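The chain contents come next:
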Amino acid sequence: MSKLSKEQIKRIADTASMFDGVRLMCDGYKIRLQDRLIGRQVRTQLFVNGSIQGKWFVHPEVHAEIKFYRQRFMYIKKSPYSKKKEAIETIRHADFASIGQALRHLNTICDSVEVIEENDCES
């Protein structure tokens, strides 16, 4: 079970091309990180086995692929006078601020993370 070191993450993030992206093998899944223009921002999209499917987000309990996407909690106050907040909903996002952020996230949640070289990848 190998993971990426901090130096490897920094080197990959610095040398990644916007057009090629980064290809990884994480826990048996092929992951591709590629910069895309979303709105007016350049964000990093995460593709699992070459695609993003809406059914992963609608029924996350059935699909194991959803674990690769970043998770955000929505909070509400219990009452207007209380300072305590309660988590009501979990939202998954398919984009990251940068390739470095995506690599750090994948390094945290996966047991093994390996970079796939261009000549090793079929597609």
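Throughout, a residue's number is its position along its own chain's written sequence, starting from 1. Reporting in this predicted model follows two pLDDT cut-offs: at least 70 for local features of residues, and 80 or more for side-chain atom pairs to be given and counted; totals over whole chains, interfaces and linings ignore these cut-offs and use all residues. As a rule here, side-chain values cover all heavy atoms of the structure and leave hydrogens and water aside.

## Section: the side chain of glutamine 45
Turning to step 1, where the next piece is worked out: For helices the rule is a DSSP run of H or I covering at least 4 residues; for strands it is a run of E covering at least 2, with both sets numbered from the N terminus onward. By secondary structure assignment, the location of glutamine 45 is in strand β3 (residues 41–48).
Turning to step 2, where the next piece is worked out: The class of glutamine 45 is buried, set by a relative accessible area of 13%.
Turning to step 3, where the next piece is worked out: Apart from residues lying up to four places away in sequence, glutamine 45 is in contact with Arg32, Leu33, Gln34, Arg36, Ile38, Ile52, Ala94 and Asp95. Accessible area is worked out with a 1.4 Å probe on protein chains only. A residue is then buried under 20% of its type maximum, exposed over 50%, and partly exposed in between. Should any heavy atoms of two residues lie within 4.5 Å, those residues are counted as being in contact.

## What about the state of the cysteines?
Turning to step 1, where the next piece is worked out: For the purposes of this analysis, a disulfide is any pair of cysteine sulfur atoms at a distance within 2.5 Å. If you walk through the whole model with that rule in mind, you get zero disulfides.
Turning to step 2, where the next piece is worked out: Here cysteine 26 stays unpaired: no disulfide links it, and the sulfur of cysteine 110, its closest cysteine neighbor, is 4.4 Å away.
Turning to step 3, where the next piece is worked out: Residue cysteine 26 is classed as buried on the basis of its relative accessible area, which comes to 0%.

## A few points about the pattern of salt bridges
Turning to step 1, where the next piece is worked out: We define a salt bridge as a side-chain nitrogen of Lys or Arg found within 4 Å of a carboxyl oxygen belonging to Asp or Glu. On inspection of all chains with the given rule, the structure shows four salt bridges.
Turning to step 2, where the next piece is worked out: A salt bridge links lysine 67 to aspartate 27; the nearest nitrogen and oxygen atoms lie 2.8 Å apart. You can see lysine 67 sitting in the loop between α2 (54–58) and β4 (70–77) and its partner aspartate 27 sitting in the loop between β1 (22–26) and β2 (29–38), a full 40 residues away along the chain.
Turning to step 3, where the next piece is worked out: Of the residues examined, aspartate 27 reaches a relative accessible area of 23% and is grouped as partly exposed.
Turning to step 4, where the next piece is worked out: Here aspartate 95 makes a salt bridge to arginine 70, at a shortest N to O gap of 3.8 Å. Residue aspartate 95 is located in strand β6 (residues 95–96), and its partner arginine 70 is located in strand β4; the two are separated by 25 residues in the primary sequence.
Turning to step 5, where the next piece is worked out: If you follow the salt bridges from partner to partner, you end up with Arg43, Arg70 and Asp95 in one network.

## With respect to the packing of aromatic side chains
Turning to step 1, where the next piece is worked out: For Phe, Tyr and Trp, rings pair up if their centres lie within 6.5 Å, where Trp contributes its six-membered ring, and each pair is then called stacked (planes under 30 degrees apart), edge-to-face (over 60) or tilted (otherwise). Using the criterion set out here, one finds two aromatic pairs in the structure.
Turning to step 2, where the next piece is worked out: Plain terms: the ring middles of tyrosine 29 and phenylalanine 68 are 5.2 Å apart, the flat faces sit at 70° to each other, and that makes the pair edge-to-face. Of this pair, tyrosine 29 sits in strand β2 while phenylalanine 68 is found in the loop between α2 and β4, placing the two residues 39 residues apart along the sequence.
Turning to step 3, where the next piece is worked out: The class for phenylalanine 68 is buried, based on a relative accessible area of 0%.
Turning to step 4, where the next piece is worked out: Arranged with centres 6.3 Å apart and planes meeting at 35°, the rings of tryptophan 56 and tyrosine 69 form a pair that is tilted. Here tyrosine 69 lies in the loop between α2 and β4 and tryptophan 56 lies in helix α2, a separation of 13 residues in the sequence.
Turning to step 5, where the next piece is worked out: By relative accessible area, which is 5% here, tryptophan 56 ends up buried.
Turning to step 6, where the next piece is worked out: Each ring is checked for a lysine NZ or an arginine CZ that lies within 6 Å of its centre and within 35 degrees of its normal; such an atom marks a charge sitting over the ring. Taking NZ or CZ as reference, arginine 32 lies 4.4 Å from the ring centre of phenylalanine 47, over its face.

Everything listed here is a matter of coordinates, which is why it stays silent on function.
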